[in-house]
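Chain by chain, the residues run as shown.
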Amino acid sequence: FSLNAKLLMIQLSSLCLALAIFLMGMMAGRWWLNNRYLRPDACYQRELDYVRVLNSYVQENQLSSTSAQELEAWTRQQKYVYLVLYQGETAILETDGYETDQAQEIPAYNYNNLLPAQNHQEITDLEPDQEGRYRLQFRDGVFQVSLVEFSETPYYDLVVIVSLAAACAALLAVNLLYHRKVTRAIIRLSREVQRVERGIQAGEIHSGRSDEIGQLAKAVEQMRQSIMQRMQSEREAWTANSELITAISHDIRTPLTALIGYLDLMTGRQYKDEAQMERYLRSSREKAGRLKELTDELFQYFLVFATPEMRMDLKDYDGVILMEQLLGEQVIRLQESGFLVQSVSQEEPCWVRIDVQYLQRALDNVFSNVQKHADQQEKVAVVTRLNEGMLKIYVANGVPDRPNQAESTKIGLQTCRKIMREMGGGFETRKAAGKFLTELSLPMVQQFQDAEGEETDES
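Residues numbered from 1 in each chain as written. Predicted model: local features only at pLDDT ≥ 70, side-chain atom pairs only at ≥ 80, totals over all residues. Heavy atoms only, no water.

A. Molecular detail of the packing of helix α2 (residues 40-61) against helix α3 (residues 68-78). Contact geometry of α2 with α3 gives a least axis separation of 12 Å together with a crossing angle of 145 degrees. For the pair α2 and α3, the crossing hand works out as right-handed. Counted together, Y50, V53, L54 and Y57 of α2 and E70, L71, W74 and Q78 of α3 form the full contact between these two elements. Here the residues of the contact of α2 with α3 sort into six nonpolar, one polar and one charged. (Axes fitted to C-alpha atoms, helices over the stretch in contact; angles between N-to-C directions. Helix = DSSP H or I, 4+ residues; strand = E, 2+ residues; numbered from the N terminus. Left-handed = near helix turned anticlockwise from the far one by under 90°. Contact = heavy atoms within 4.5 Å. Nonpolar A, V, L, I, M, F, W, Y, C, P; charged D, E, K, R; others polar.)

Following this line, the structure appears as structure tokens:
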């Protein structure tokens, strides 16, 4: 899911949760009001308390049944009371504290029931009759009062407010938790990028998410691996260059010193006869040739390793025909140099995808190394074989007990390894039991098999 889809799902989920909390809060609040606050006994007790307060108010202020303003003022003070005053069965006054309805014509009252003022007795029995009315003594007689209290109204409002607040809090909490999770993932990814930027080898960057942040983490991880590989390649290149400089400086210094010495001897005419001078000249020629070989190897090394990626023109070739041509030339050169060569060719048809020029350069380095360092008393084996989905070239030669004076700088081998890896193949060398084995692996393609199948269909 993308971040937009996840955000939409979170919003819908939080809204559903908020609605559920609001409805549950309303149900719980109403249940409490209906089963606790509005119990019949609780309602009766509150109503009786209001009647007692009203009775005290009437007696203290000597109110009559026509004292509408005073009764309205008392009702307004109580806030949640509705008062109805009856004379017999007729309502003569109704008020909620804000609006008052008073009968224009008050029915005739039986004043025989009215006690003399000096004989007024306070009614202490405040019990409702069958219709829920209370008898109160007013200044002008005994009247019935019906009182309705609705003090639960603010509690209903409170239930609505609390339920709405809880729903909004749940909605806000879900959104904050989600955004906090997203923000923490971004912050963690940012810290990992900063560690990579500072060159600290951090562990694998993995967010565990499947959205854009997860894709970004994967891209950053690929970038980190690329940087680490590049740094490793740079370290290896630095090490290889250091070794190369050490080896080249030693190999160049030796023939160069000898060459300068011979030239000084000939310049100072420090030789006995012409024959000795000829020897000095031949030795100088050999040292100069050695210097040329070293500089050629050094130039070839930097030509190959100057860029991280080599531009190769990879094409498909018939492996059998190509190996016969390239290896045949190298075998002839070895034979002309006095080596006894045993060649075993690959006869099974195969196709390889290579750059011929770079492969020629690698083979030149391999067989040049054989000419310089191999033991001419032993055979040189050149074998081509299909193995593990690759066309492999094996070159094995003997190692002399006394190495030649021309020590190997390993430049040619490093160049071959670089070339073969760039072509998608491989290059390995092994030395064991007096033998030196070189293995070149060429990548194969399925072109020959497809072509063979087409020929079979046509036939």
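The rest of the description comes next.
B. Representation of the sheet that holds strand β3 (residues 100-102) within the structure. Sheet architecture is open: five strands sit in the order β3-β2-β1-β5-β4, paired in antiparallel fashion. The sheet is open, and its two borders are formed by β3 and β4 (134-138), each paired with just one other strand. Each strand of the sheet is rotated relative to its neighbour by a mean of 30 degrees, with strand direction disregarded. As paired elements, β4 and strand β5 (residues 141-149) share five bridges and run antiparallel to each other. Along β5, the bridge assignment pairs L136 with F143. Its contacts with the sheet place α2 against β1 (81-87), β4 and β5, and it is angled at close to 10 degrees to β4. Each of β1, β2 (90-95), β3, β4 and β5 touches α3; the most contacted strand, β1, lies at about 150 degrees to it. (Pairing = 2+ DSSP bridges.)

C. Structural detail: the pattern of salt bridges. The final tally for this structure, using the stated rule, is 13 salt bridges. The salt bridge involving R46 is made with E149; its shortest N-O contact spans 3.2 Å. In this pair, R46 is assigned in helix α2 and E149 in strand β5, connecting sequence segments 103 residues apart. No difference in accessibility class separates R46 from E149, as the two residues are buried. Between K435 and E378 there is a salt bridge whose closest N-O contact spans 2.8 Å. A residue pair is termed long-range when its members are at least 10 positions apart, and K435 in strand β12 (residues 435-445) and E378 in the loop between α8 (356-373) and β9 (380-387) qualify at 57 residues. The exposure class assigned to K435 is partly exposed, which follows from its relative accessible area of 38%. (Salt bridge = Lys/Arg side-chain N within 4 Å of Asp/Glu carboxyl O. Buried < 20%, exposed > 50% of the residue type's maximum accessible area, 1.4 Å probe, protein only.)

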